[in-house]
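Listed here are the chains, written in short residue letters.
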Amino acid sequence: MSELILTDDRLKPIADKVRAGERLSFDDGVQLYRSPDLLAVGWLANYVREKKHGNVTYYNVNRHINPTNVCVAHCKLCAFGRDPNAPGAYTYALDEIYQRADQGVREGATEFHIVGGLHPDLPFEYFLELISGLKKRHPHVHLKAFTMVEVHYFARIAKLTIEETLQKMKAAGVDSCPGGGAEIFHPRVRRIICDHKVSGQMWLTLARKTHEAGLHSNATMLYGHVETEEERVDHLIKLRETQDITRGFVAFIPLAFHPDNTALSHIPKTTGYLDLRNIAVARLMLDNFDHIKAYWIMLTPSIAQIALRFGANDLDGTVVEEKIYHDAGAKTSEFTPRNELERLIRAAGRVPVERDTLYNKIDRSKLPPLPAATPAGLVSLSLNV
Ligand code: V47
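Keep in mind the model is a prediction, meaning the values are calculated, not measured.

The rules we used
Residues numbered from 1 in each chain as written. Predicted model: local features only at pLDDT ≥ 70, side-chain atom pairs only at ≥ 80, totals over all residues. Heavy atoms only, no water. Buried < 20%, exposed > 50% of the residue type's maximum accessible area, 1.4 Å probe, protein only. Helix = DSSP H or I, 4+ residues; strand = E, 2+ residues; numbered from the N terminus. Arc of directions from axis to C-beta. Contact = heavy atoms within 4.5 Å. Salt bridge = Lys/Arg side-chain N within 4 Å of Asp/Glu carboxyl O. Near = heavy atom within 4 Å. Polar contact = N/O pair within 3.5 Å; in protein donor to acceptor, adjacent residues only side chain to side chain. Areas by Shrake-Rupley, 256 points an atom, 1.4 Å probe, with all protein chains shown as cover. Nonpolar A, V, L, I, M, F, W, Y, C, P; charged D, E, K, R; others polar. Axes fitted to C-alpha atoms, helices over the stretch in contact; angles between N-to-C directions. Left-handed = near helix turned anticlockwise from the far one by under 90°.

Caption draft 1: Looking closely at helix α1 (residues 12-20). Taken together, the buried positions of α1 are occupied by Ile14, Ala15 and Val18. On an axial view of α1, the arc spanned by its buried residues comes to 100 degrees, and they lie on one face. Its buried side turned inward, α1 meets α2 (26-34), α3 (38-53) and α11 (272-285). Just downstream of α1, Gly21 is the residue with a positive phi angle, here 70 degrees.

Okay, here's the thing in structure tokens:
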């Protein structure tokens with residue numbers, strides 16, 4: 001590894017702590033966000049990343065499935081959610097979801113990433129049937145389904161406790177939960193960007209209960225809107241504290257805010273500089289998280305590739321169909337094939353490793369053979385509920 005060259009003396013005590021493996025404080029986090037010396041911040045994050053993972057860089061073969069975009073939450077940050085009768089509102093029939101899933105399996109998916117809107121009329125049973133149907137058809141595929149926000153909503157509409165809701169999800173076949181809905185935990189920010197969503201404190205309680213129920217989950221942070229540097233650091237420290245208790249978080253994913261078609265469309269897009277800094281600060285502050293994802297859909301493949309030298313050790317997956325960022329103006333493709341993800345990783349001087357959702361190495365020779373493609377392809381069965 002090259003030598004650390006510091007042009008900002010205020011980073012010196014932080015660099016000493018990082019090299020000694022000591023935990024960074026709130027003030028350290030703020031300093032890392034404020035320092036003009038991004039390369040030194042990146043060097044330190046890369047130091048930790050290489051100590052944990054060497055050159056190994058993970059990706060997975062997955063497929064996103066968004067069962068509905070109908071949503072009662074009306075978050076200002078979001079361009080995906082729609083009122084039930086608004087143009088572009090959709091809800092998939094279960095058969096359509098199964099056909100998408102079958103196509104995903106034909107493409108080699110080992111994970112379905114399932115998240116959607118908070119629909120006013122769909123019962124919890126629809127989602128349980130969706131999961132049990134997928135599990136029955138594809139028992140070897142990991143179902144990473146429903147954010148903490150959806151879990152909270154299901155409990156409310158089904159009049160169940162959070163614990164009962166999680167048990168029903170698990171019994172149906174949910175294997176873990178994705179990290180969405182965390183946004184920024186601070187109430188000042190939530191009031192502006194997502195005032196009807198669960199509070200930050202409730203999101204953390206839900207994550208703890210999810211882990212206690214025996215399900216792993218991911219964590220995210222949405223940055224680049226109205227939050228301050230202090231509010232970002234507060235968010236990271238709250239995640240770190242929860243992880244100290246449960247050890248249930250698998251990966252952290254910083255999410256760059258995409259303003260187009262949202263109620264916050266006046267906010268400028270994030271810069272590459274801010275994107276790389278968020279990856280690096282997360283790696284340095286979240287000392288008890290093994291995996292930091294550079295989600296290529298949102299960062300662009302080019303920035304995500306550079307992030308592999310700024311603390312990230314994962315590019316996320318092939319994705320195939322992405323609506324949340326593309327409705328908000330993302331210009332990236334919705335799909336990157338395995339060989340392209342591997343090429344990006346190798347070109348950054350790293351070693352690509354295909355993983356499953358929980359970061360076990362995938363040995364494709366041990367997976368069931370891929371089923372043959374059906375000539376008919378997908379039939380559109382969208383229904384409006
Ligand atoms: O919860 C919504 C965010 C999240 C916008 O767990 C937006 O492996 C930017 O959580 N601009 C969903 N972000 C995505 C997500 C995720 C993605 C990849 C991997 C994993 C994982 C989780 O997207 C939402 C919200 O925080 N979001 N709208 C927007 N306009």
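Caption draft 2: Spatial organisation of the pattern of salt bridges. Per the counting criterion, the structure on display carries 33 salt bridges. A salt bridge links Glu50 to Arg350; the shortest N-O distance between them is 2.8 Å. Of this pair, Glu50 sits in helix α3 while Arg350 sits in the loop between α14 (338-347) and β10 (351-354), and the two are 300 residues apart along the sequence. Of the residues examined, Glu50 reaches a relative accessible area of 24% and is grouped as partly exposed. Note that Asp244 is salt-bridged to Arg247, the shortest N-O span being 3.7 Å. What makes Asp244 partly exposed here is its relative accessible area of 35%. Under the relative-accessibility criterion, Arg247 is labelled exposed at 51%.

Caption draft 3: Structural view of the site of the ligand. Lining the immediate environment of the ligand, one finds 23 residues, of which Lys144, Gly181, Glu183, His258 and Lys293 sit closest. One of the backbone nitrogen or oxygen atoms of Leu77 is found 2.9 Å away from a nitrogen atom of the ligand. One of the side-chain nitrogen or oxygen atoms of Lys144 is found 2.7 Å away from an oxygen atom of the ligand. Considering the ligand on its own, with 610 Å² of exposed area, one finds that the protein chains cover 95% of that surface. Secondary structure elements with two or more residues in the shell around the ligand: β6 (216-223) and β7 (249-256). Of the residues contributing to the shell around the ligand, the split by class is twelve nonpolar, eight polar and three charged.

Caption draft 4: Examining the environment of Ala213 more closely. Relative to the helices and strands, Ala213 resides in the loop between α9 (200-212) and β6. The buried category is assigned to Ala213, whose relative accessible area is 12%. For the pair Ala213 and Glu227, spaced 14 residues apart in sequence, the C-alpha to C-alpha distance is 32 Å. If sequence neighbours within four positions are ignored, Ala213 has contacts with Leu166, Gln167 and Lys170.

Caption draft 5: Summary view of unusual backbone geometry. Of note, the phi angle at Asp316 is positive, near 70 degrees, even though the residue is not glycine. With respect to the helices and strands, Asp316 occurs in strand β9 (residues 314-317).

Caption draft 6: The packing of helix α10 (residues 229-246) against α11, seen in detail. Between α10 and α11, whose axes approach to 10 Å, the crossing angle comes to 35 degrees. In this structure, α10 crosses over α11, and the sense of that crossing is right-handed. Residues Arg232, Val233, Leu236, Ile237 and Arg240 of α10 form the contact with α11, whose own contacting residues are Leu274, Asn278, Val281, Ala282 and Met285.

Caption draft 7: The arrangement of the side chain of Lys144 in detail. Among the secondary structure elements, Lys144 is positioned in strand β4 (residues 142-145). A relative accessible area of 2% means that Lys144 is categorised as buried. The residues contacting Lys144, other than those within four sequence positions of it, are Glu111, Phe112, His113, Ile114, Ser176, Cys177, Pro178, Asn218, Lys293 and Thr357.

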